[in-house]
Amino acid sequence: MTTANPATATAVKTPAPASARRAVLRSETRLFLREPAGLFWIVVFPTALMTILGLIPSFRDPDDALGGRRVIDLYVPVAVLLAMIMSGLQAMPPILTGYRERGILRRMSTTPVRPSALLTAQIALHGAAALGSAALAMTVGRVAFGVELPGQPVGYALALLLSTASVLTLGALLCALTRTTKASAAISSVVNLVMMFTAGVWIPVQSMPDTLRNIVRFTPFGAASEALDRAASGSWPGLAQLGVMVLWTALVTFLAARLFRWE
């Protein structure tokens, strides 16, 4: 029977000092800001797509089938969700998988700075970028197209935070299931397309046929789309919609924690 090295055991068990965690966050922030392509897809692309759609004249006309609302009114929450999808499913998984593939996480596990500090920093950065992009989409929607601000701001914020948690945990699960950056990019792209559909990027969830809509509303982004739409209209998000997001987040967090490997 082998005996663990005391120095290594101590290093593994010692929690990272707050100053070390802040240093990791500062370092990851600098690296994050040096990637203009990633920032474009997270921050600029969702609002740019919404703006292009808003320039279509018929999308700015009230539609009786939508209860007198305009199509562009529905696409602001879609742009918000698209920002989260691009951040949590397209941008984050390849970065963390690359760290594992290059042995960075394994080397960190032998130091007082635990790999969890790096994981936390990445989640915080991508979550902040997604929320910033959401704020940009709502601002442009309001200024350029006269889209009303959320009538139920507390409910909107709650739905926004739950949907952000859902997408980041899904991104962590993708990191747990893939071992190489190529595999991570390929799987992330497929999942990204599926989640974009359920978020209503091509067809707003509110405009889907009833059968399809009933299926989509049980996905995290289908539920998020309806929750954000209800809050934008001034109503509190339905408990069913919030519950779907909470259940998905809890389930995916459990799976990611069980399956994630540092090396």
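Residue numbers restart at each chain and count upward from 1, following the sequence in its written direction. Local features in this predicted model are restricted to residues of pLDDT 70 or higher, and side-chain atom pairs are both shown and tallied only at a pLDDT of 80 or more, whereas totals for entire chains, interfaces and linings draw on every residue. The basis for every side-chain value is the complete set of heavy atoms in the structure, and neither hydrogens nor water enter the calculation.

Chemist: Requested: an account of the UniProt feature "domain: ABC transmembrane type-2" (unreviewed entry) in the chain, with residues and values cited.
Modeler: UniProt positions are given in the numbering used here, feature names are shortened, and annotations may be inferred rather than shown by experiment. Per the UniProt record, the feature "domain: ABC transmembrane type-2" (unreviewed entry) sits at residues 37-263. Between the end C-alpha atoms of residues 37-263 there is a gap of 27 Å, over a span that is 75% helix and 0% strand. Helical segments are the DSSP runs of H or I of at least four residues, strand segments are the runs of E of at least two, and each set is numbered from the N terminus.

Chemist: How would you explain the UniProt feature "transmembrane region" (unreviewed entry) in the chain if you had to name every residue and give the values?
Modeler: Taking the numbering used here, the UniProt-annotated feature "transmembrane region" (unreviewed entry) corresponds to residues 39-59, 74-96, 117-136, 156-177, 184-203 and 239-260. With 100% helix and 0% strand, residues 156-177 has end C-alpha atoms that lie 32 Å from one another. Helix makes up 95% of residues 239-260 and strand makes up 0%, while its end C-alpha atoms are separated by 31 Å.

Chemist: Residues and numbers for the packing of aromatic side chains, please.
Modeler: Two aromatic rings from Phe, Tyr or Trp, using only the six-membered ring of Trp, form a pair when their centres are within 6.5 Å; if the ring planes differ by under 30 degrees the pair is stacked, by over 60 it is edge-to-face, and anything between is tilted. One pass over the structure, following the stated rule, counts 3 aromatic pairs. Pairing Phe 40 with Trp 41 gives two aromatic rings, centres 5.2 Å apart and planes at 75°, and the pair type is edge-to-face. In this structure Trp 41 comes out as partly exposed when scored by relative accessible area, which is 40%. With a centroid separation of 6.3 Å and 10° between ring planes, the pair formed by Phe 59 and Tyr 75 is classed as stacked. A residue pair is termed long-range when its members are at least 10 positions apart, and Phe 59 in the loop between helix H3 (36-54) and helix H4 (71-101) and Tyr 75 in helix H4 qualify at 16 residues. Three or more aromatic residues joined by ring pairs form one cluster here, namely Phe 40, Trp 41 and Phe 45. Should the NZ of a Lys or the CZ of an Arg lie within 6 Å of a ring centre and within 35 degrees of the ring normal, that charge is described as sitting over the ring. The ring of Phe 260 is capped by Arg 100, whose NZ or CZ atom sits 5.1 Å from the centre of that ring. Think of it in three bands: residues with accessible area under 20% of the maximum for their type are buried, residues over 50% are exposed, and the middle band is partly exposed, with areas taken using a 1.4 Å probe on protein chains only.

Chemist: Now, about the side chain of Thr 249: what can you tell me, with residues and values included?
Modeler: By the element assignment, Thr 249 lies in helix H11 (residues 239-259). Using a relative accessible area of 14% as the deciding quantity, one classes Thr 249 as buried.

Chemist: Can you break down the packing of helix H2 (residues 18-33) against helix H6 (residues 115-145) residue by residue, with the values?
Modeler: Interaxial distance between H2 and H6 falls to 9 Å at its minimum, and their mutual angle equals 50°. Classified by the interaxial angle, the pair formed by H2 and H6 is oblique. Helix-helix and strand crossings are classified by hand; for H2 and H6 the assignment is right-handed. Touching Arg 21, Val 24, Leu 25, Glu 28, Thr 29 and Phe 32 of H2 are Ser 116, Ala 117, Leu 118, Thr 120, Ala 121, Gln 122, Leu 125, His 126 and Ala 129, all from H6. Nonpolar residues are Ala, Val, Leu, Ile, Met, Phe, Trp, Tyr, Cys and Pro. Charged residues are Asp, Glu, Lys and Arg, and all others, Gly as well, are polar. Here the residues of the contact of H2 with H6 sort into 8 nonpolar, 5 polar and 2 charged. Lines fitted to C-alpha atoms define the axes here, with helix axes fitted over just the stretch in contact, and angles between the N-to-C directions of these axes take values from 0 to 180 degrees. For this classification, under 35 degrees means roughly parallel, over 145 means roughly antiparallel, 65 to 115 means roughly perpendicular, and everything else is oblique. A clockwise turn of the near helix away from the far one marks a right-handed crossing, whereas an anticlockwise turn of less than a right angle marks a left-handed crossing. Contacts are assigned to residue pairs with any non-hydrogen atoms lying within 4.5 Å of each other.

Chemist: Which residues make up the environment of Arg 26, and what are the values?
Modeler: Here Arg 26 lies in helix H2. Sequence separation of Arg 26 and Ala 121 is 95 residues, and the distance between their C-alpha atoms is 8.7 Å.

Chemist: Mind laying out H2, listing which residues take part and the relevant values?
Modeler: For H2, built from 16 residues, the straight-helix expectation of 22 Å at 1.5 Å per residue is met to within 8% by its first-to-last C-alpha distance of 22 Å. All buried positions along H2 are accounted for by Ala 20, Val 24, Glu 28 and Phe 32. Summarising the axial view, the buried residues of H2 lie within an arc of 110°, below the 170-degree limit, and thus occupy one face. Structurally, H2 contributes buried residues whose contacts are with H3, H4 and H6. By this rule the span expected of a helix is its residue count minus one, scaled by 1.5 Å. Think of the arc as the fan of directions from the helix axis to the C-beta atoms.

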